[in-house]
Every structure is written in C-alpha cells, then in structure tokens.
Amino acid sequence: MFERLAEIERRYEELERQVSDPTVIANRREFARVAKERSQLEDTVACWRERQRVARDIEEHKELVRGKDADLRELARAELPPLEARLAELDAALKQHLLPKDPNDERNTVLEIRAGTGGDEASLFAAQLFRMYTRYAERHGWRVEALSSSPTGLGGFKEVIALVQGRGAFSRLKFEGGVHRVQRVPVTETQGRIHTSTVTVAVLPEAEDVEVELADKDLRIDVYRSSGPGGQSVNTTDSAVRVTHLPTGLVVTCQDEKSQHKNKAKALKILRARLLERARQDQQSEIAANRKAMVGTGERSEKIRTYNFPQSRVTDHRVNLTLHTLDRVVDGDLDPLIDALVTRQQAEALAAAG
C-alpha cells in the first residue's frame, strides 16, 4: 500500500509541474485533463503526507521513551497513544482513498425531477423534492441553477431540471437516482385519506464541452413560442427552443428564459449530460457483473425511499434505514441517509478488493 501511495505522490508532484507549464495551459483539453487528475489525487496525497508526519512523530516519541531523561520519557509515553490512534485512523482513511473511484464524483450534477403516479399530489411532491435538494446544496456550499421546468397551477412541477455546481456534488447526489414514494394526505383530499404518489429523480454528471462534442449536422434546432405560466414575453416571441440530437433521437426543450440564446445554451447543457449518461450506461452494461453490488445504481424502477408524513418517517430501502426526522430531511438534512449509503458502498468495495 505504501509503495502505491508514494507513487501517487510522485504523480501528483508531476501534475503540479504540468499545471504550471505554459504549453499545457495553452491546450484547453490537456489542461482540463491535468487539472482534473491533480484535483482527484489532492485529498489522497494530503492524507498520505499527514500519515508520514504522524509516523515520524511516533518514532521520535519512541526514541524519547528509550532515552535517559525521566521527565521526557513520561511525557513521550503519555503522548504516544493518541498519536498511534491517529495513525490507525489515517491508515483506514488511506485504504478508502485507494478504492476505485467513480471518475464522475467531482463533477457538477444535472438533477432531473419528474412527477410520477399521483396527479397533482405527485407534482407538488416533485416541487418539495426540488426545494429539499436546493437546501441540501446550500448546506454544502453548492449553487443550484434551474435549467428547465414545467410548473403546474398549484405550485408543483410536472418536471424540473437543475444544474448543481460544486465540488463533490455528484459523489453525494448520485445516490438519489430512482423512484421516491410519498405517503400523506393531499391538500385536495377532503376525507383525510392517505394517498401514495411517486416522483422519479435522475442524477447525471454534467458533461464538459471538451468531452461531448455536438456537431451542427447532428442537431435540429426548432424555435417556437413559450407556453404556460410566465411573464410578458410568453406567447409573444419565439424564445422557446427544442433541440433534437439526430443520431440518438434525444429531444430537449427549454423555455424558461426570455432569451432564445439562453434557452438554447441550457438545452445543449442538458443534452450533453444525457449523452454522457448514455455513454456511461453503455459502458456499465458491459461490466455489470463487476458492479452488481454497487449501491445507488440509479435504476429508474427502484423505489429507493419512502416519505411517510403521518408518522414523520423516512425509510431508505437500499440500506433499511428508517429515520423519524422527516421534517429535517425534507428541509435538506440528507447527510444521515447519504452517509449510510456511502458507508455501505465503501464496505462492499473493500470486501471486493479483498
């Protein structure tokens, strides 16, 4: 393990030199690749360097314990246990760092939330999930930008697509992909009956321009007048944009902005993310046998979580974790759920690594 960590440190130092090289800086694609790889190694190298420092401190304290000065012997003996405990913590952390990483973990995230079964109640819950993820992002210092939405008259969403920008966003939010089920009495229910509705969440890593190139010949772009709730520009200008990717048949529409140019830019951002996700899924299907145990596959058919409002209960079915803090969860306190999923994924990866 230590030889591999030393090799990683040497690679990190080489990348630090490259990221300052004018030749690399002048090549946009190469600079992005080098900077990304350096960022991915940064935490591992910091942990390894601290481990080396603590190991040196332990050796120095052991030398003092073997020395002739009685006061120094006692002081060193008292300070050794916490140092050794810290060394064990760092060794455990380094084992985690050496596990195979999802190359998309540090990316921004395209979050797609759609009302499923349940009519108006499903669209209202879709809006509540969007608020939940927005507040979760705020807790982590990430920025949320709505890319596209289809609001309903009651304040819900048939669909809302947003970009979550911030380091590590995908590493946390990727566990949210799947079907979310809500059990509660809808505001429109007059007899107090509990209804069950569903909302689907898709979590896609944002694709960078240098990764997914969109040739003009592969795109059909249609413009039309916006419809639905909106301001003065709705139905007066051809600002809405529909982009069709001819090779795959993928279609993205965007009409949130008053500017046709802005709507087109947002639609292309969504299209790039979906194309990257399609490529990723194609790759995953080839190695599915090796990834079968992974948590959070994002299969759309999975009911991953149930939110039971009458009992203030939320249950994540993948890790059989139930919390009676529903109000806090829907207010963005998702870390207890996501931490449990991360821990299970890491444990299974460690077991697979032998």
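Criteria and cut-off values
- Residues numbered from 1 in each chain as written.
- Predicted model: local features only at pLDDT ≥ 70, side-chain atom pairs only at ≥ 80, totals over all residues.
- Heavy atoms only, no water.
- Helix = DSSP H or I, 4+ residues; strand = E, 2+ residues; numbered from the N terminus.
- Buried < 20%, exposed > 50% of the residue type's maximum accessible area, 1.4 Å probe, protein only.
- Contact = heavy atoms within 4.5 Å.
- Areas by Shrake-Rupley, 256 points an atom, 1.4 Å probe, with all protein chains shown as cover.
- Expected span 1.5 Å × (residues − 1).
- 1 Å grid on protein atoms, 1.4 Å probe; cavity = no way out; pocket = protein on both sides within 12 Å on 5 of 7 lines; lining within 4 Å.
- Points joined across faces, edges and corners; volume = space filled by probe spheres on them.
- Nonpolar A, V, L, I, M, F, W, Y, C, P; charged D, E, K, R; others polar.
- Core = buried A, V, L, I, M, F, W, Y, C linked by side-chain atoms within 4.5 Å.
- Pairing = 2+ DSSP bridges.
- Phe/Tyr/Trp six-rings, centres within 6.5 Å; stacked < 30°, edge-to-face > 60°.
- Lys NZ or Arg CZ within 6 Å of the ring centre and 35° of its normal.

A. Here's a closer look at the overall build of the chain. A count of helices and strands for the chain gives nine helices and 11 strands. Considering the chain as a whole, with its 354 residues, one finds that 41% of them fall into the buried category. Within the chain, residue pairs in contact and separated by at least 24 positions form 62% of the contacts whose partners lie at least 6 positions apart. Carbon and sulfur atoms make up 49% of the accessible area of the chain, which amounts to about 19100 Å² in all.

B. Spatial organisation of helix H1 (residues 2-19). Its 18 residues give H1 an end-to-end C-alpha distance of 26 Å, which sits within 8% of 26 Å, the value for a rise of 1.5 Å per residue. Here H1 has its buried residues at Leu 5, Ile 8, Glu 9, Tyr 12, Leu 15 and Gln 18. On its buried face, H1 is in contact with helix H2 (22-26), helix H3 (28-65) and helix H4 (70-97).

C. Structural context of empty space enclosed by the protein. Summed over all chains, the structure comprises one cavity of 30 Å³ or more. The volume enclosed by the largest cavity comes to roughly 30 Å³. For the lining of the largest cavity, the elements supplying multiple residues, two or more each, are helix H5 (119-139) and strand S3 (157-165). Among the elements that take part in the lining of the largest cavity, H5 stands out by supplying three residues, more than any other. For the lining of the largest cavity, the residue count by class is six nonpolar, one polar and no charged.

D. View of the nonpolar core. Formed by 35 residues in total, the largest nonpolar core has its most connected members in Ile 113, Leu 129, Tyr 133, Tyr 307 and Leu 334. Of all elements in the fold, only strand S1 (109-115), H5, S3, helix H6 (169-173), strand S5 (195-205), helix H8 (326-330) and helix H9 (335-353) reach the threshold of two or more residues within this core. Beyond its immediate stretch of four places on either side in the chain, Tyr 307 contacts Phe 125, Leu 129, Met 132, His 180, Arg 181, Val 182, Gln 183, Arg 313, Val 314, Leu 326, Val 329 and Val 330.

E. Just the pairing of strand S8 (residues 250-254), in detail. Here S8 shows a clear split, with Leu 250, Val 252 and Cys 254 buried on one side and none of Val 251 and Thr 253 buried on the other. In this antiparallel pair of consecutive strands, strand S7 (residues 240-245) and S8, the connection spans four residues, and Gly 249 shows a positive phi of 80°.

F. Representation of the packing of aromatic side chains. Throughout the structure, instances matching the rule amount to four aromatic pairs. Between Phe 125 and Tyr 307, the ring centres sit 5.2 Å apart and the planes meet at 65°, which makes this aromatic pair edge-to-face. Linking Phe 125 in helix H5 with Tyr 307 in strand S9 (residues 303-308), this pair joins segments that are 182 residues apart in sequence. Of the two residues, Phe 125 and Tyr 307, both sit in the buried class. Ring centres of Tyr 136 and Trp 142 lie 5.8 Å apart, and the angle between their planes is 80°; this geometry places the pair in the edge-to-face category. Trp 142 carries the same exposure label as Tyr 136, and that label is buried. A cation over a ring is seen here: Arg 184 above Phe 309, with NZ or CZ 4.8 Å from the ring centre.

Don't take any of this as a statement about function, it's just geometry.
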